[in-house]
Number of protein chains: 2
Amino acid sequence: MSVLRQRAAVSSSEVSFHSPAAFSAPDWLDSVIVGDCVAALERLPKASVDLIFADPPYNLQLGGDLTRPDQSKVDAVNDDWDRFDSFEAYDAFTRAWLLACRRVLKPTGTIWVIGSYHNIFRVGSIMQDLGFWVLNDIIWRKANPMPNFKGKRFTNAHETLIWASRDREAKGITFNYEAMKAFNDDLQMRSDWLLPICTGGERLKTAGGDKVHPTQKPEALLWRVLMSSSKPGDVVLDPFLGTGTSAAVAKRLGRHYVGVERDGTYADFARERIASVERAPDDGLAVVTPRRAEPRVPFGSLIEAGLIQPGDRLCDARRRHVATVRADGSIAAGAVAGSIHKVGASVQGLEACNGWAYWHVEKQGALVLIDELRGRIRSELAAAGA
Amino acid sequence: MSVLRQRAAVSSSEVSFHSPAAFSAPDWLDSVIVGDCVAALERLPKASVDLIFADPPYNLQLGGDLTRPDQSKVDAVNDDWDRFDSFEAYDAFTRAWLLACRRVLKPTGTIWVIGSYHNIFRVGSIMQDLGFWVLNDIIWRKANPMPNFKGKRFTNAHETLIWASRDREAKGITFNYEAMKAFNDDLQMRSDWLLPICTGGERLKTAGGDKVHPTQKPEALLWRVLMSSSKPGDVVLDPFLGTGTSAAVAKRLGRHYVGVERDGTYADFARERIASVERAPDDGLAVVTPRRAEPRVPFGSLIEAGLIQPGDRLCDARRRHVATVRADGSIAAGAVAGSIHKVGASVQGLEACNGWAYWHVEKQGALVLIDELRGRIRSELAAAGA
DNA sequence: ATATCTTATGAATCCCATG
DNA sequence: GCATGGGATTCATAAGATA
């Protein structure tokens, strides 16, 4: 359960589309609008929004089913809203909603868009073409991503956010540099953020126990977005609200929200969720501490760093067993090859072995434990603030 | 025996452009070509390259000078080669060199392109438009990035690499999954890589002590790129060679290289650097072999070898299901009979099952996985075959 | 009650040799 | 070309079940 989540009985107003008239401020502010975002945004006043967070469909283009090694089926995102006929169709869709966003965004406002490699390049290009000016791209490093079950690619362990101003010449942009630095143990906040995916109590479930939305984002991610680039009282727009993560965090942080969601069921869940959120007290906003990455140093890094060369020999403390280092970070002893742990276990006839505490390398006549070499890399990385 | 192709008796000589004739293999292989990459690549044979690494100009669009808090001036990238009049000009340039790369890339080959938020969205979109199929995007997390001196943005602490195949339907792509996993202490390699930037002794300096190239990449980055997606003997092309990081690492790892560089000074530094590199010994270049590459041993061979007798009982690890071994190498459980895989799937009610990892046989009171028995046959085969 | 084991699952562009 | 089938493949986290 998120530290930030609290319960309260606050109602949020609903808005429906019976009239084509433009909304007056009280109508659309702090509301969830059901409908297509381009149509909905046309009814908002021009230059009325301080911050936009958009989580559009990714256009995943998945093939057949995917099963885990235990043969269980992966619950893929194959909803209608994520299907596009071509890149051209996706581009047209993207251009339309970005243009609508651009109209309602204040000249001092900024926009965040999240995506994956399936769509983020197209989104970024179109943003640049429309005149948005990229301020940063941010990497959400997932602490617990889904693995690559078939072993055919690198684990897709991140998503990308683009943060941009309306124009290249934009002035007066909100960036709470000091707050983010304080949040980050007095180090500048970097462009890579390590955060867990949305699971557990934070994940909205139906009465049947199924997830309500296939791509619910973690509140911690929105917390950083809103804390860094908006002020209390600002208006935060989400054109693809889903189950309302951005609006819930906006309300908690004392920002106004406007959410547009095409799916009425998602919107209902979002309204209920937002209603249960209470604005945090002014002095209570700094409760979340950033999750720091402990620098895990794989054995291969020792080779990359030149501390060990391919072809070098490793041995145990008594020189009873010897192994050859290979360029890919594996080692080989006789017919056995694999990680320092696997080969260490094998030569000793054991089930398991901590290779770091077993293998040594000869340096100027003396044996040096490879864990000692790892320590050197660790201290360099720690000094760099990683 | 080394899988390495014997290196032809060709010096890594210079190639010049006095004739429009196509190069013959010995001319361009393991060479640095001075010239525009589009023109140079047109002279290479079609489908002749296994891997491309491209570090194109980023189109940084910098404004005025940047100074640190102590008023020292930051040595920015403002070379002519990084200046483009517009996004359109940059796109045209990008399309041209990507098309030229596509022609020389083998159908089984893959391409890596590195960039930052200034250019990577345009590069990625154009790659998709040209038919390249994105396999992963990789984040190079810089352990020691330059801080944001003005405190106006997040520290730009990463760069993005796109890894793509030539076509969506590409087969036979090289991805040394097991090697990367061994490298990473037996965990799948993720899409975010933490590596220091290129500094210290690795950074090429002029006699005057200035850095030779403003964007020299660390060898560790190229190490991962080449180790993961190429084999010894492969041909690695770099259309923007700069000071030759990719070629130097390729040579060290027993890959052939071709580098194209427009600037003669950079090319000279690259040649000198490549010449000083030594190829790693053969036994250091071997990688962990995937199980698919091991000789196929049918289940019946275990019966032929006497490791299992017809009539023996197989069971799973918890002894929940039992099957009887038959003389023809099939097994039977109740009314179901067939291969170890089919019957394993059937008794569990699953679509598929790897029978080798499911069935055990009782040996002196203990359960032994039949995959372990297969391993014994494989080592005997290896001993006999070698 | 506590510790341990088992199961479930997450924005996924996820096999390949043989006939 | 396509169909077939052997058999290869996972990490972090949370929640529930068992000891």
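All values reported here derive from a predicted model rather than from experimental measurement. (Residues numbered from 1 in each chain as written. Chains lettered and ligands numbered in written order. Predicted model: local features only at pLDDT ≥ 70, side-chain atom pairs only at ≥ 80, totals over all residues. Heavy atoms only, no water.)

Visitor: A description of the protein's contact with DNA strand C should follow, citing residues and the corresponding values.
Guide: Around DNA strand C, a shell composed of 40 residues is seen, among which Gln61, Arg68, Tyr117, Lys150 and Lys211 of chain A lie nearest. When atoms of DNA strand C within 4 Å of the protein are split into backbone and base, the sugar-phosphate part holds 49%. Backbone polar atom of Tyr58 of chain A to a base nitrogen of DNA strand C: 3.0 Å apart, as the coordinates give it. Here Arg318 of chain B contributes a side-chain N or O atom positioned 2.7 Å from a phosphate oxygen of DNA strand C. For the surface near DNA strand C, a count of residues per class yields 19 nonpolar, 7 polar and 14 charged. (Near = heavy atom within 4 Å. Polar contact = N/O pair within 3.5 Å; in protein donor to acceptor, adjacent residues only side chain to side chain. Nonpolar A, V, L, I, M, F, W, Y, C, P; charged D, E, K, R; others polar.)

Visitor: I'd like to hear about the sheet that holds strand β13 (residues 336–338) of chain B, residue by residue, with values.
Guide: All names here are of chain B. The 6 strands are arranged β13-β12-β11-β10-β14-β15 in an open sheet whose pairing can be described as antiparallel. At either end of the open sheet lies a strand with only one pairing partner, and these are β13 and β15 (366–369). With direction set aside, neighbouring strand axes in the sheet form an average angle of 35°. For strand β10 (residues 313–315) and strand β14 (residues 360–363), the ladder comprises 2 bridges, and the chain directions are antiparallel. Looking at the pairing, Leu314 lines up with Val361 of β14. (Pairing = 2+ DSSP bridges. Helix = DSSP H or I, 4+ residues; strand = E, 2+ residues; numbered from the N terminus. Axes fitted to C-alpha atoms, helices over the stretch in contact; angles between N-to-C directions.)

Visitor: Account for the interface of chain B and chain A, naming residues and giving values.
Guide: Chain B puts 73 residues into the contact, and the matching count from chain A is 77 residues. Scanning the region where chain B abuts chain A turns up 7 salt bridges. One salt bridge connects Asp129 of chain B with Arg122 of chain A, and the closest N-O pair in it is separated by 2.6 Å. Taken together, the links from chain B to chain A amount to 41 residue pairs in polar contact (both at pLDDT 80 or more). Of all the elements in the fold, those that place two or more residues in the side of chain B that touches chain A are α4 (120–130), β5 (133–142), β6 (158–165), α5 (177–183), β7 (192–195), α6 (219–229) and α9 (282–285) of chain B. (Contact = heavy atoms within 4.5 Å. Salt bridge = Lys/Arg side-chain N within 4 Å of Asp/Glu carboxyl O.)

Visitor: Run through the UniProt feature "domain: DNA methylase N-4/N-6" (unreviewed entry) in chain A, naming residues and quoting values.
Guide: Residues given the UniProt feature "domain: DNA methylase N-4/N-6" (unreviewed entry) here are residues 49–270 of chain A. Across residues 49–270 of chain A, the secondary structure splits into 28% helix and 22% strand, with the terminal C-alpha atoms separated by 20 Å. (UniProt positions renumbered as here; feature names shortened; annotations may be inferred.)

Visitor: With reference to specific residues and values, describe the protein's contact with DNA strand D.
Guide: Residues and elements named next belong to chain B. The immediate surroundings of DNA strand D are formed by 30 residues, with Lys181, Gln188, Arg296, His341 and Arg374 found nearest. Backbone atoms, meaning sugar and phosphate, make up 64% of the atoms of DNA strand D lying within 4 Å of the protein. Note that a phosphate oxygen of DNA strand D is positioned 2.7 Å from one of the side-chain N or O atoms of His341. Elements that contribute at least two residues to the surface near DNA strand D include exactly α5 and α11 (340–348). Here the element with the most residues in the surface near DNA strand D is α5; it accounts for 3 residues. Tallied by class, residues from the surface near DNA strand D come to 10 nonpolar, 10 polar and 10 charged.

Visitor: Residue-level account of the sheet that holds strand β13 (residues 336–338) of chain A, with values.
Guide: All names here are of chain A. If you walk across this open sheet you meet the 6 strands as β13-β12-β11-β10-β14-β15, and the pairing is antiparallel. Each end of this open sheet is capped by a strand with a single partner; those strands are β13 and β15 (366–369). Along the sheet, successive strands turn relative to each other by an average axial angle of 35°, direction set aside. Bridge count for strand β10 (residues 313–315) against strand β11 (residues 322–325) is 3 bridges, and the pairing is antiparallel. Bridged to Cys315 within β11 is Val322. In the packing of helix α10 (residues 340–348) onto the sheet, the strands contacted are β10, β12 (331–333) and β13, and the crossing angle to β13 comes to about 155°.

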